[in-house]
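One-letter residues, chain by chain:
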Amino acid sequence: LVFLAPPPTTTYPPQLNRPTTLPSRLHLRSTTPPHPTPLRSAQMKLQSLLRFGKTVTSTARRQLSSAVRRPRTTTTLMPARSFSSGPAPISETEVLECQAKWANAIKTISKTYLDKGDYIGTAGEAAGELYGYGHSNVLFKPTKAAEYPFRPTAGEAMSYFVGGEVVDGGYSEDGGFAINGGKGWKEVIFTNHQIDLNGPVAIAMGSYVFTCATTGDEAKVEYTFGYKRNDDGKARIFLHHSSVPYSE
């Protein structure tokens, strides 16, 4: 059986990717599935036309083009899901920065006091920046506090730092640690014994030395500071315990 090649004017849709000439033999066994797809049906129809040497008409080409035309698809974008990773961990560098800011605050408050400036306002700004009052519980045990050893509120902390007489509801035992009872501090040096990092919480233990701005005398105090990441992303003090070294 001889198969005739299609006339030279015959064109094929690019989807078929057929050669310019037909093979010399065609396998009679078909692997067509029981329910051919539209594309397969169109291919079979075209093969039948070519088998008998017929010209592919424009109608057949339109039918084939319609069969291979892919349906348009739409992509629905789902809103991105947000996952809260929790507060970022506190690094050792941040702990050292917090300690440097605390030391600088004490010196600044003292200098402002000695210069007859608004040391109370300066202390209030420093306390809000350094301590977690208003953000979390604060466990504060000052060095020179006997009658009221624990200061859970910002007002009680201010009483300790600037003096009970200048703060509403202040305690009479408070002489104003940040101003050294009126003498001021000119230097504060931290020496950490150890820093323990626990994700958004960090604990530092050691000693700091305060140098009096008037006499130059030094006072060594031992401390435990706890820092916690607050909702605004800043690390603040949530634990502060100070005490003078034990002596008989």
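Use the structure listed above.
Calculation rules
Residues numbered from 1 in each chain as written. Predicted model: local features only at pLDDT ≥ 70, side-chain atom pairs only at ≥ 80, totals over all residues. Heavy atoms only, no water. Helix = DSSP H or I, 4+ residues; strand = E, 2+ residues; numbered from the N terminus. Buried < 20%, exposed > 50% of the residue type's maximum accessible area, 1.4 Å probe, protein only. Polar contact = N/O pair within 3.5 Å; in protein donor to acceptor, adjacent residues only side chain to side chain. Contact = heavy atoms within 4.5 Å. Pairing = 2+ DSSP bridges. Axes fitted to C-alpha atoms, helices over the stretch in contact; angles between N-to-C directions. Expected span 1.5 Å × (residues − 1). Salt bridge = Lys/Arg side-chain N within 4 Å of Asp/Glu carboxyl O.

## Structural notes on unusual backbone geometry
The phi torsion at Lys-116 lies on the positive side, around 65°, for a residue other than glycine. Relative to the elements of secondary structure, Lys-116 occurs in the loop between α3 (92-114) and α4 (119-130). One non-glycine residue, Asn-180, lies in the positive phi region at around 55°. Secondary-structure assignment places Asn-180 in the loop between α5 (154-162) and β2 (185-198).

## Concerning the side chain of Asn-180
The exposure class of Asn-180 is buried, given its relative accessible area of 13%. A distance of 3.3 Å separates a polar side-chain atom of Asn-180 from the backbone oxygen of Gly-184. Residues within four places of Asn-180 in sequence aside, it is in contact with Trp-185 and Cys-212.

## Regarding the sheet that holds strand β1 (residues 139-141)
As summarised here, the arrangement of the five strands in space is β1-β5-β4-β3-β2, forming an open sheet in which the pairing is mixed. Only two strands of the sheet have a single partner each, and these edge strands are β1 and β2. Adjacent strand axes in the sheet meet at a mean angle of 25° when their direction is disregarded. Taken strand by strand, α3 contacts β2, β3 (201-212), β4 (218-229) and β5 (235-243), and its axis lies near 160° from that of β2.

## Description of α3
Relative to the 33 Å expected for 23 residues at 1.5 Å per residue, α3 spans 33 Å between its end C-alpha atoms, a close match to the ideal helical length. Listed as buried for α3 are Val-95, Cys-98, Gln-99, Trp-102, Ala-103, Ala-105, Ile-106, Ile-109, Ser-110 and Thr-112. Where the residues of α3 are buried, they touch α4, α5, β2, β3, β4 and β5. With its phi angle positive at about 65°, Lys-116 sits one or two positions after the end of α3.

## With respect to the pattern of salt bridges
Enumeration according to the criterion identifies seven salt bridges in this entry. The closest approach of N and O atoms between Arg-151 and Glu-173, which form a salt bridge, is 3.3 Å. Here Arg-151 is found in the loop between β1 and α5, whereas its partner Glu-173 is found in the loop between α5 and β2, with 22 residues between them in sequence. A relative accessible area of 0% places Arg-151 in the buried class. A relative accessible area of 27% means that Glu-173 is categorised as partly exposed. Between Arg-151 and Asp-174 there is a salt bridge, and its shortest N-O distance comes to 2.9 Å. In this pair, Arg-151 is assigned in the loop between β1 and α5 and Asp-174 in the loop between α5 and β2, connecting sequence segments 23 residues apart. Pair check on accessibility: Arg-151 and Asp-174 agree, each one buried.

## Looking at the environment of Leu-239
Counting through the fold element by element, Leu-239 comes out in strand β5. Owing to a relative accessible area of 22%, Leu-239 belongs among the partly exposed residues under this scheme. Sequence spacing of Leu-239 and Gly-132 is 107 residues, and the spatial spacing of their C-alpha atoms is 9.0 Å. Sequence-distant contacts of Leu-239, that is, excluding residues within four places in its chain, are made with Leu-139, Ile-203, Thr-224, Phe-225 and Gly-226.

## Describing the environment of Gly-134
Its place among the elements puts Gly-134 in the loop between α4 and β1. Spatially, the C-alpha atoms of Gly-134 and Asn-230 are 9.9 Å apart, while their sequence positions differ by 96 residues.

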